[in-house]
Amino acid sequence: VAGTARASSGADRQLLSDLEDALGRRRVLTDPEVCAGYTRDWTGRYVGSAAAVVRPERVEQVQAVVEVAARHGAALICQGGNTGLVGGSVPRPAGALDQPQIVCGMSGMCAVEDVDPAGRLLCAGAGVTLSAAQAAAGRAGFHLGIDLSSRGSATLGGMAATNAGGMQMLRFGGMRARVAGIEAVLADGSIVSRLSGLAKDNVGWDPAALFVGSEGTLAVITRVMVRLEPLPAHRVTALVALASVDAALELLAGPVAALPSLEAAELTLEDGMRLVAGEFDLPPPVGLESGAAGRGGRAWLTLEAAGPYDPTAELAAAVDHPFVLGAAVASDANGRARLWAYRERHTEAVSRLGVPHKLDVSVTRSRLGELVGLLPERVAAAAPGARLVMWGHAADGNVHVNVVGPPPDDDGVDDAVLRLVAELGGSISAEHGVGVARRRWLRLVRSEGDLQLMARVKAALDPGGMLNPGVLEPLP
Ligand SMILES: Cc1cc2nc3c(=O)[nH]c(=O)nc-3n(C[C@H](O)[C@H](O)[C@H](O)COP(=O)(O)OP(=O)(O)OC[C@H]3O[C@@H](n4cnc5c(N)ncnc54)[C@H](O)[C@@H]3O)c2cc1C
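Residues numbered from 1 in each chain as written. Predicted model: local features only at pLDDT ≥ 70, side-chain atom pairs only at ≥ 80, totals over all residues. Heavy atoms only, no water.

**Student:** Can you explain the overall build of the protein? Please cite residues and give values.
**Tutor:** The number of helices and strands found in the protein is 17 helices and 18 strands. Here the C-alpha radius of gyration of the protein, 23 Å, is about what a compact globule of 476 residues would show, namely 23 Å. Taken over the C-alpha atoms alone, the protein extends approximately 70 × 55 × 45 Å along its principal axes. Classification of the 476 residues of the protein by burial places 54% in the buried group. Within the protein, residue pairs in contact and separated by at least 24 positions form 77% of the contacts whose partners lie at least 6 positions apart. Counting every atom, the protein has about 19200 Å² of accessible surface; 52% of that belongs to carbon and sulfur. On the protein, the mean spot of the 43 positive side-chain charges and the mean spot of the 52 negative ones are 1 Å from each other. (Helix = DSSP H or I, 4+ residues; strand = E, 2+ residues; numbered from the N terminus. Rg over C-alpha atoms; globule rule 2.2 N^0.38 Å. Buried < 20%, exposed > 50% of the residue type's maximum accessible area, 1.4 Å probe, protein only. Contact = heavy atoms within 4.5 Å. Areas by Shrake-Rupley, 256 points an atom, 1.4 Å probe, with all protein chains shown as cover. Lys, Arg positive; Asp, Glu negative; His and termini not counted. Charge placed at Lys NZ, Arg CZ, Asp CG, Glu CD.)

Right, dumping it as structure tokens:
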């Protein structure tokens with residue numbers, strides 16, 4: 001039964017009993033109501049079925065889970081905060097696999113073990129949430145150089161597994177750049193640990209580079225070491241309204257891009273801003289009713305600058321442009337949060353409209369205007385009457401395309417959007433990963449040689465196909 005866990009056969013009962021022997025009963029969950037939260041994804045589009053949910057707290061317990069799963073030929077689906085948006089964090093639907101599925105919930109591995117100010121490193125269990133890691137780093141005068149609006153639930157292990165990007169990517173890079181070391185359990189139960197914290201270490205391959213972005217298909221990540229950045233003395237946020245997307249991109253490509261203190265540059269559009277303000281009773285954003293809107297309606301840039309000096313004057317100078325309809329600026333925490341809410345609450349607002357088709361795509365910055373301009377007509381042609389809401393990490397050429405209306409299992413609109421992106425030389429997944437949601441389109445952007453390399457690495461590390469089967473695999 002989708003969304004529940006039950007021992008339906010003698011083999012399943014033996015699996016549960018072996019898991020309980022290995023972990024203790026309290027770390028093996030089978031109550032359907034409790035398990036439902038682990039078998040349904042954040043969007044509600046992906047619902048699976050598991051024989052059990054296990055919650056290890058130590059690396060040896062993860063090894064024990066892997067050993068039991070291997071003995072029973074079971075699939076192991078790792079789960080951090082379950083905020084992933086491509087269906088990879090929950091089990092596959094009942095009957096989709098001919099093996100039982102175990103969800104390995106990592107939130108019990110939740111200790112921040114070390115903050116090293118001299119080395120500028122934080123080491124933590126894979127189940128530590130981003131906000132807990134941010135708080136620990138903040139107490140020592142640092143930040144992680146990475147931020148997502150799912151920070152309250154997303155875990156360091158899940159962020160490493162998905163190579164998460166987020167709002168500060170343009171300044172500090174994504175998880176691939178932030179991860180300094182990793183500990184992981186392989187499908188044969190062995191532990192790989194590279195947590196020396198050395199700034200330079202060129203002895204052979206770097207396991208972190210292999211496991212970051214592997215989406216739970218190559219190893220269970222149990223510890224993550226991340227790089228830290230000093231907390232800036234000053235931080236200022238500006239919400240800047242512009243007459244059109246083209247004007248926003250022109251500003252972004254020119255004076256804003258030249259700002260040395262720039263940490264975030266997020267794009268939102270008129271339909272999304274009206275939706276967010278309406279859904280959450282926020283005051284209309286600056287510029288909503290002023291001036292004349294250009295092609296495609298008004299656009300907003302949420303800009304954040306930070307540094308050892310106050311960047312307000314240079315930010316104000318950078319946005320002093322004839323297309324600007326208005327700007328709101330804040331440097332105190334509450335005021336900044338109020339401005340960020342318009343951008344950060346888009347994901348939640350769209351989910352209130354229905355189960356969205358979520359596409360997370362990127363093109364080069366020079367083609368971003370073309371992509372945003374073409375999307376409305378392509379979506380309307382593929383799904384007449386559907387609602388399209390777009391926003392994105394504009395400085396990275398990354399647009400989150402959300403379409404509400406088509407039934408969850410009708411992927412015609414997904415196909416239209418992803419083919420357009422491929423035509424423009426872009427990526428079908430900018431930062432959310434492939435999961436099960438993008439499997440059908442892997443061949444659009446990866447050559448046969450690329451796919452064979454991935455298959456060979458997978459076969460070498462997980463010959464039994466235990467770890468997250470189906471994820472990151474192209475459809476035949
Ligand atoms: C409101 C909202 C905003 C978001 N904003 C962003 C954003 O700005 N940028 C961005 O990149 N993403 C964003 N996301 C997507 C999501 O938060 C990220 O993908 C995040 O990295 C997932 O972390 P998680 O702990 O929730 O992982 P999960 O969702 O639990 O899992 C994601 C994938 O990682 C694997 N995995 C999880 N933990 C482990 C582990 N310990 N070892 C091995 N594999 C593991 C899972 O099997 C799955 O394939 C957003 C999501 C939401 C809901």
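**Student:** Go over the side chain of N468, please, and point to the residues and values.
**Tutor:** Tracing the sequence through the fold places N468 in the segment after helix 17 (448–461). What makes N468 buried here is its relative accessible area of 2%. If near-sequence neighbours (up to four positions away) are discounted, N468 is found in contact with L76, I77, G88, R92, E215, G216 and T217.

**Student:** Can you explain empty space enclosed by the protein? Please cite residues and give values.
**Tutor:** Summed over all chains, the structure comprises one cavity of 30 Å³ or more. Considered as a void within the structure, the largest cavity measures approximately 50 Å³ in volume. Contributing to the lining of the largest cavity are T43, R45, Y46, L85, P356, K358, A437 and R438. Residues that form the lining of the largest cavity fall into these classes: four nonpolar, one polar and three charged. (1 Å grid on protein atoms, 1.4 Å probe; cavity = no way out; pocket = protein on both sides within 12 Å on 5 of 7 lines; lining within 4 Å. Points joined across faces, edges and corners; volume = space filled by probe spheres on them. Nonpolar A, V, L, I, M, F, W, Y, C, P; charged D, E, K, R; others polar.)

**Student:** Outline the pairing of strand 8 (residues 179–185), supporting the account with residue identities and numerical values.
**Tutor:** A large share of strand 8 lies buried, amounting to six of its seven residues. In the sheet, strand 8 pairs with strand 10 (residues 220–227) via six bridges, with the strands oriented antiparallel. Its bridge partner being in strand 10, I182 is matched across the sheet by V224. One ladder, built from four bridges, connects strand 8 with strand 9 (residues 191–194); its direction is antiparallel. Across the sheet, I182 pairs through a bridge with R194, a residue of strand 9. Connecting strand 8 to the antiparallel partner strand 9 that follows it, the hairpin turn spans five residues, and G189 within it adopts a positive phi of roughly 90°. (Pairing = 2+ DSSP bridges.)

**Student:** Give me the nonpolar core: which residues, what numbers.
**Tutor:** By size, the foremost hydrophobic cluster in this structure holds 58 residues, and its most contacted members are L76, L122, L144, L156, M159, M175 and V220. The biggest single contributor to this core is helix 3 (residues 59–72), with six residues. Setting aside chain neighbours within four positions, we find V220 in contact with V62, V66, L76, C78, M106, E183, A184, V185 and L467. Ranked by size, the runner-up nonpolar core spans 47 residues in total, among them V245, A248, V319 and V379. (Core = buried A, V, L, I, M, F, W, Y, C linked by side-chain atoms within 4.5 Å.)

**Student:** Pulling in residues and values, what's your account of the site of the ligand?
**Tutor:** The local shell around the ligand holds 36 residues, among which C78, G80, T83, G84 and T155 are the closest. Between the ligand and G80, the relevant distance is 2.7 Å, taken from an oxygen atom to a main-chain nitrogen or oxygen of the residue. Contact distances for the ligand include 2.7 Å between an oxygen atom and a side-chain N or O atom of T83. In the complex, 97% of the free accessible area of the ligand, which totals 970 Å², lies under the protein chains. With five residues, helix 5 (residues 156–162) is the single largest residue contributor to the shell around the ligand. The residue inventory of the shell around the ligand, partitioned by class, reads 13 nonpolar, 21 polar and two charged. (Near = heavy atom within 4 Å. Polar contact = N/O pair within 3.5 Å; in protein donor to acceptor, adjacent residues only side chain to side chain.)

**Student:** Outline the environment of N82, supporting the account with residue identities and numerical values.
**Tutor:** Here N82 lies in the loop between strand 3 (75–79) and strand 4 (101–105). It is 11 Å that separates the C-alpha atoms of N82 and G157, two residues lying 75 residues apart in sequence. Within polar-contact distance, the side chain of N82 engages the backbone oxygen of G37 at 3.3 Å. A polar contact of 2.9 Å, which involves the side chain of N82, links it to the backbone oxygen of R40.

**Student:** Can you lay out the side chain of Q79 for me, pointing to particular residues and giving the numbers?
**Tutor:** Turning to its location among the elements, Q79 is positioned in strand 3. Since its relative accessible area comes to 3%, Q79 is described here as buried. Contacts of Q79, omitting those with residues within four sequence positions, involve Y38, S89, V90, V103, C104, G105 and M106.

So yeah, pure geometry; function would need other evidence.
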